[in-house]
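Observations on chain architecture
One letter stands for each residue in the lines below.
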Amino acid sequence: MTINKPILLSALIALSIVSPARALEGDTFRPFVSFSRYYDDNLFRLAENETIFIDGGVKRGPQADSYNVLAFGANVDWRLSRQQILGRATKSLVRYTNFNSLDYDGSDYLAQWNWQLGNYWNGQIGATKTLSQSSFTDLNTNIAVNNQRTIDNAFATANWLFHPRWQIGSGISQVKVLNSDPNQAFNDFTEQSEEVNLTWRTPKGTSLRAQLRLAQADYPNRQASTIDNSYTQQELNISTTWPYSGLLRLQGRIGYVEREHKTISERDFSGLTGRASADYFPSGKTALSFSLYRELAAVSEISSSYRLATGISLNAAWSPTAKITLRGGVSDETAKFQGDPGFYLFDLPVREDRTQNASLSLNYEPMRSTVIGLGVQTGRRESNNVFTVNDYKFNTMFANVRVDF
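Throughout, residues of each chain are indexed from 1 in the direction in which the sequence is written. It should be noted that, the model being predicted, local features are given only for residues of pLDDT at least 70 and side-chain atom pairs only at 80 or more, the latter also being counted only at that level, while totals for whole chains, interfaces and linings use all residues. Here the side-chain values reflect all heavy atoms present in the structure, with hydrogen atoms and water set aside.

**Some words on the environment of Y256**
What counts, and what does not: Going along the chain from the N terminus, every DSSP run of H or I of four or more residues is numbered as a helix, and every run of E of two or more is numbered as a strand. The buried label applies to any residue whose accessible area, calculated with a 1.4 Å probe on protein chains only, is under 20% of its type's maximum; exposed applies above 50%, and partly exposed to all values in between. Throughout, a contact is declared for two residues whenever any of their heavy atoms are within 4.5 Å. By the criterion applied in these results, polar contacts are pairs of N or O atoms within 3.5 Å in which, for protein atoms, one can donate a hydrogen and the other can accept it, and in which residues neighboring in sequence qualify only through two side-chain atoms.
For Y256, the position within the fold is in strand β13 (residues 248-261). For Y256, a relative accessible area of 38% translates into the label partly exposed. Filtering out sequence-adjacent residues up to four positions away, Y256 remains in contact with Q234, E235, L236, N237, S270, G271, L272 and T273. Here S270 takes part through its side chain, which lies 3.3 Å from a polar atom of the side chain of Y256.

**Considering the environment of F189**
Tracing the sequence through the fold places F189 in strand β10 (residues 189-201). Between the C-alpha atoms of F189 and I151, which are 38 residues apart in sequence, the distance is 9.9 Å. Leave out the neighbours within four places in its chain, and F189 touches V175, K176, V177, A217, D218, Y219 and P220.

**As for the side chain of Q211**
Positionally, Q211 belongs in strand β11 (residues 207-218). A distance of 3.0 Å separates polar atoms of two side chains, one belonging to Q211 and the other to E195.

**A short note on a nonpolar patch on the surface**
Defined as follows: A patch consists of residues whose relative accessible area exceeds 30% and which take part in no salt bridge; residues with like charges are grouped when within 9 Å of each other, and nonpolar side chains (Val, Leu, Ile, Met, Phe, Trp, Tyr) when within 5 Å. For accessible areas, the Shrake-Rupley method is used with a probe of radius 1.4 Å. Any residue's cover is judged against the shown protein chains and nothing else. For this analysis, a salt bridge means a side-chain nitrogen from Lys or Arg found within 4 Å of a carboxyl oxygen belonging to Asp or Glu.
A cluster of nonpolar side chains, Y39, W318, L326, L360, L362, L374, V376 and M397, forms an exposed patch at the surface whose accessible area comes to about 720 Å². Of all elements in the fold, only β18 (352-367) and β19 (370-383) reach the threshold of two or more residues within the nonpolar patch. Tracing the sequence through the fold places L374 in strand β19.

**Section: the packing of aromatic side chains**
Let me state the cut-off plainly: Stacked, tilted and edge-to-face are the three classes applied to pairs of Phe, Tyr and Trp rings, where Trp contributes its six-membered ring and a pair requires centres within 6.5 Å; stacked means planes under 30 degrees apart, edge-to-face means over 60, and tilted covers the rest. Any Lys NZ or Arg CZ found within 6 Å of a ring centre and within 35 degrees of that ring's normal is scored as a charge over the ring.
As enumerated under the stated definition, the model contains 10 aromatic pairs in all. The ring centre of F32 lies 4.0 Å from the NZ or CZ of R402, which sits over that ring.

**Some words on the confidence of the model for the chain**
Rules: Residue-level confidence of the predictor is summarised by pLDDT, bounded by 0 at the bottom and 100 at the top.
On average, the chain scores 89 in pLDDT, and the residues at 70 or more come to 89%. Of all secondary-structure elements in the chain, the lowest mean pLDDT belongs to helix α1 (residues 7-18), at 38, while strand β6 (residues 104-117) reaches the highest, 98. Of the regions scoring below 50 in pLDDT, residues 1-25 engages in 78 contacts with residues more than four places distant in sequence or in other chains.

**Points about the pattern of salt bridges**
All chains considered together, the criterion is met by 16 salt bridges. A salt bridge links R209 to E195, with the shortest nitrogen-to-oxygen separation between them at 3.3 Å. Separated by 14 residues along the polypeptide, R209 in strand β11 and E195 in strand β10 bring together distant segments of the chain. Close ionic contact of D404 with R402 constitutes a salt bridge, the shortest N to O distance being 3.2 Å. R402 matches D404 in its accessibility class, with the two residues each being buried. If you follow the salt bridges from partner to partner, you end up with E191, R213 and E235 in one network.

**What to know about the environment of I125**
Following the sequence through the fold, I125 ends up in strand β7 (residues 121-133). Taking the C-alpha atoms as reference points, I125 and A156, 31 residues apart in sequence, are found 4.3 Å from one another. Look past the residues within four positions of I125 in its chain and what remains in contact with it is A111, Q112, W113, W115, F155 and A156.

Set out below in structure tokens:
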């Protein structure tokens, strides 16, 4: 049984897209409040004959529900000479109509200092903390557990502009993930990473950047009977931005990633990754964005250890007036599940998924700092052969209002 996104995360993404913050020039402290109503005709992303255990009973096939998201908080943007302090505090109350056992309160916090020393040194120091509900894909179970995941991220970067067109930089970060459900504690992990990068930039905005990143992750609650996914990972990425003209901007990234596991070498994987995108602005009222990508990611599957995803997406925005914006997007992704999980004794067919999504939303700003949004989304996933239990279709609708004070 699978679902393709955490519920609160999808709500927050929709909030950010439908109702962007409207901070006015010169504002330092900017509180806001928003309310959203969602309807989903396949909340758990179930196949027709798939079952899920929830509220002491068994449900079969697509399950519909609606839920409210009340979010409130404040954004801070404080400038002192050449220094900038950013802050964010958001609380989200998620309440379901039918599946009340999934109700919970989420949060999102940010504290960041964008520092500048003289004309040649700059960087960032900060931390974030989010609390959201796990997706059922992450839980990898047919039980609808209200597991709440806390993600702490601390980071620091420093850059030296040693030439008008050349900059060298470095950074460190630590990500820590904790799960509230005791049965999911084995998924707790900590990742520490370091990176160095070199950037070349022209006065017209063209840039070329090389990055070397090293990461190490540990799972402190994995016992001897549990597969230990602790790993070290090396990445080399080269990215570029090319503003071809005032109407067209091109971006690209190509990289190589290699992951090695501490205890089960069969789960190791490596390969090329990349993303290319083009942003086109045919007029001041219209924007188009196209991208294609190839990504690698670890998975916990009975027949594979990593996932190779290739896909394309197209997004568009049209603002016929200063108060109205219409947005739409489509995406198509193919994912092949490959590699050796290191614990399964029999050969299984390679799982392959195809996921397609489409969305449309309308924003209306009746007055400054107030945005009303309406939107719909539809999607489907199809898996091959013996994996048809992972198939699903869904349709969602939402209405939203946000006010910045």
